[in-house]
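# Architecture at a glance
As a plain string of letters, each chain reads:
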Amino acid sequence: MRISQLFGKRQREVPSEADTISHQLLLKAGMISQLTAGVYSYLPLAWRTLSKIEAIVRDEMNKAGAQEVRLPVIHPVEIWQKSGREKAFGDNLFRLTDRKERRLVLGPTHEEVMAQLVSQHVQSYRDLPMRLYQIQTKFRDEPRPRGGLIRVREFDMKDLYSFDANEAGLDASYDKMVHAYENIYRRCGLPVILIQADSGAIGGKDSQEFMALTDIGEDEIILCQGCGYAANVEKAVSVKGVPEHSSEQPLSEVATPGKESIEEVALFLGISPRQTLKAVFYVAEGEFVLVVIRGDLEVNEIKLKKALGSTELRLASADEVISQGIISGSASAVGRPDLKVVADDSVLLGANFVAGANRAGYHLQGVNYRRDFTAKMVADIAKATAGQGCAGCGGPLRTARGMEVGHVFKLGTAISRAVGATFVDPEGQSRPIIMGSYGIGIGRLMAAIIELNHDDKGIIWPTSIAPYEVYLCALYPDNDAVACRADELYAELTTLGMEVLYDDRVESPGVKFNDADLLGIPIRVTLSPRSLEKGGIEIKKRTEAKAELISLAEAVAYISGLLDPATI
């Protein structure tokens, strides 16, 4: 392809709202164009890279024994209602109504549709296992699209679904997909880590995310260097301390005038925040909930939501708190059996806590769980933080930022039961098919690759997914010798199957070199009057600072060697 004919112009300035490196570089390189918030057009250079990523994904899915299908984008809302996920996805679902007033949904994912399809074709255990996938457009009405392709409203995803007769089969399908994903990221030149994750609206019992570590990542990750434990902060667990076995002290009231926060009370009484109990107020599915947690910890709302089995959870408003007769800053579960109380398990790891006295300006000392208050539920609902102990080895935890580039779930039977996807086992009994779900966002993967493969000059594409392999740069193409030799080399390289982007423009060397670096093509080949006088051409890898002068006779073989998969 000659740059003079390439659709899409490079930009020297980018919009101020482009706040991530990948977004800035994709715009500057003329690879994407925004139509509206969270919706982008892919121009030829981007589409070539996306197509190569898709080819790698397809190859690994096929090697894993999966078959490709293509499912509808438009879904009847009833199938989402059957699974209960219309409510779980909430406002993120794009909804529409056809001319016959039938309610429809633009698919954000395809578990229900794929399960229903399988239910029509699988009858017996002999038909299992089955692994089906697609690369299809998804739609999610994100409230805050950001980062270019990182969080969008329309995107292409590879989603694969496994169908098995038993848990052992699901485990085998899951392990096979994890291995295939690892191969995909390796071939795309993207280092990732696999972490434990919350399954969110998708559901399921086990869930892991593939994360690319980057400061612009939306996810906070908890890591242990000692044993390798890694989890999304929504899922992470930690050591909160060992149980204290001191004898219970009598309950007593102490004046704490003007002291309402945990920090203020602890400082006033000369104690550590871990010796206090904090009360936090929520509304879950319309029901008021008082949460009790040790004062040095924070509530993890994802864990709390899952413990309650709720899809709607929010902090209670000031009016709602007052309506329950609660005095903020002096509240506790002591003497409030009328409220639904949920406690973090940290209440079991101490004794003689300080908690609110339920009257302004006073707190209670010597508060103990069971004797002085109880809860409808005690569970781990605390946020793990850096510096806490690892639940696996006891070592210190640290935090990092990451961008999710893949998610795998063990769904189980929730979706298959909802849509009636069953099979007959060897004993003749009808059983629900056990499902797994495995997704990779193609555009987000491309953005993540740029985030981890760039410098101050532009993109540095891994050769496997670069839009072109060679950037042929003809300096002063109005020079007949340069133009003639560049045309000959372009023809020779393309005949040999190399992908060449030929910069045939009449522009200054600085403009051409800057564009070559911006676009990130792995190899730059430069012809100029000076190099031809020396009997050669300059060849430079994007990852290296200096070019080498290679003779005209050896140039093609040299370039071919640089592109040999064994040397990349």
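Quick summary incoming for the structure in this document.

Thresholds applied
Residues numbered from 1 in each chain as written. Predicted model: local features only at pLDDT ≥ 70, side-chain atom pairs only at ≥ 80, totals over all residues. Heavy atoms only, no water. Salt bridge = Lys/Arg side-chain N within 4 Å of Asp/Glu carboxyl O. Helix = DSSP H or I, 4+ residues; strand = E, 2+ residues; numbered from the N terminus. Buried < 20%, exposed > 50% of the residue type's maximum accessible area, 1.4 Å probe, protein only. Contact = heavy atoms within 4.5 Å. Polar contact = N/O pair within 3.5 Å; in protein donor to acceptor, adjacent residues only side chain to side chain. Pairing = 2+ DSSP bridges. Core = buried A, V, L, I, M, F, W, Y, C linked by side-chain atoms within 4.5 Å. Phe/Tyr/Trp six-rings, centres within 6.5 Å; stacked < 30°, edge-to-face > 60°. Arc of directions from axis to C-beta.

Before going further, it helps to examine the pattern of salt bridges. Going through the model one piece at a time under the given rule, you end up with 47 salt bridges. Between aspartate 380 and lysine 303 there is a salt bridge; the shortest N-O distance is 2.9 Å. A residue pair is termed long-range when its members are at least 10 positions apart, and aspartate 380 in the loop between strand S20 (377-379) and strand S21 (397-412) and lysine 303 in helix H8 (residues 301-308) qualify at 77 residues. Taking the relative accessible area as the measure of exposure, aspartate 380 reaches 24% and is therefore partly exposed. Its salt-bridge partner being arginine 431, residue aspartate 425 comes within 2.6 Å of it at the nearest N-O pair. Residue classification places aspartate 425 among the buried positions, given a relative accessible area of 7%. According to the relative accessible area criterion, arginine 431 is partly exposed, its value standing at 41%. Several salt bridges converge on common partners, so that one network encompasses Arg10, Arg12, Asp503, Arg505, Lys512 and Asp515.

Here tyrosine 471 lies in strand S27 (residues 470-474). Here tyrosine 471 falls in the buried class, since its relative accessible area comes to 1%. Spatially, the C-alpha atoms of tyrosine 471 and isoleucine 450 are 18 Å apart, while their sequence positions differ by 21 residues. Those residues within four positions of tyrosine 471 in sequence are excluded, and the remaining contacts are Ile3, Leu501, Asp503, Arg505, Lys512, Asp515, Ala516, Leu519, Ile521, Ile523, Arg524 and Val525. A polar atom in the side chain of tyrosine 471 sits 2.6 Å from the side chain of aspartate 503.

All right, on to the pairing of strand S31 (residues 548-551) then. Here four bridges tie strand S30 (residues 536-541) to S31, and the two strands are oriented antiparallel to one another. Looking across to S31, one finds that glutamate 538 is bridged to leucine 549. The turn joining S30 and S31, which pair antiparallel and follow one another in sequence, is formed by six residues.

Turning our attention to the nonpolar core. Core analysis: the biggest nonpolar cluster contains 65 residues, and Ile53, Met61, Tyr181, Ile184, Leu445 and Trp461 have the highest contact counts within it. Looking at this core, the element that brings in the most residues is helix H6 (residues 167-187), giving eight residues. Apart from residues lying up to four places away in sequence, tryptophan 461 is in contact with Met31, Thr49, Met446, Ile449, Ile450, Ala466, Pro467, Leu519, Gly520 and Pro522. Listed in part, the 24 residues of the second largest apolar core include Val105, Leu132, Tyr161 and Met435.

The next subject is the packing of aromatic side chains. Scanning the entire structure with this criterion turns up nine aromatic pairs. On the basis of an interplanar angle of 90° and a centroid distance of 5.4 Å, the ring pair of tryptophan 80 and phenylalanine 89 is categorised as edge-to-face. Grouping residues by exposure puts tryptophan 80 and phenylalanine 89 together as buried. Ring geometry for tyrosine 174 versus tyrosine 438: centroids 6.2 Å apart, planes at 55°, classification tilted. Of the two residues, tyrosine 174 is situated in helix H6 and tyrosine 438 in strand S24 (residues 434-441); the sequence distance between them amounts to 264 residues. The same class applies to tyrosine 174 and to tyrosine 438, which are both buried. Counting every residue linked through ring pairs, the aromatic cluster contains Tyr181, Tyr185 and Phe210.

Let's shift gears to H8. Inspection of H8 places Lys303, Leu304 and Leu308 among the buried residues, and these make up the whole buried set. The buried side chains of H8 occupy one side of the element, clustering within an arc of 130° when seen end-on. Taken together, the buried residues of H8 touch strand S14 (277-284), strand S15 (287-294), strand S16 (313-315), strand S17 (340-344) and S20. Where H8 begins, the side chain of asparagine 300 points an oxygen toward the backbone nitrogen of isoleucine 302, at a separation of 3.0 Å. Just past H8, the residue glycine 309 takes up positive phi, approximately 70°.

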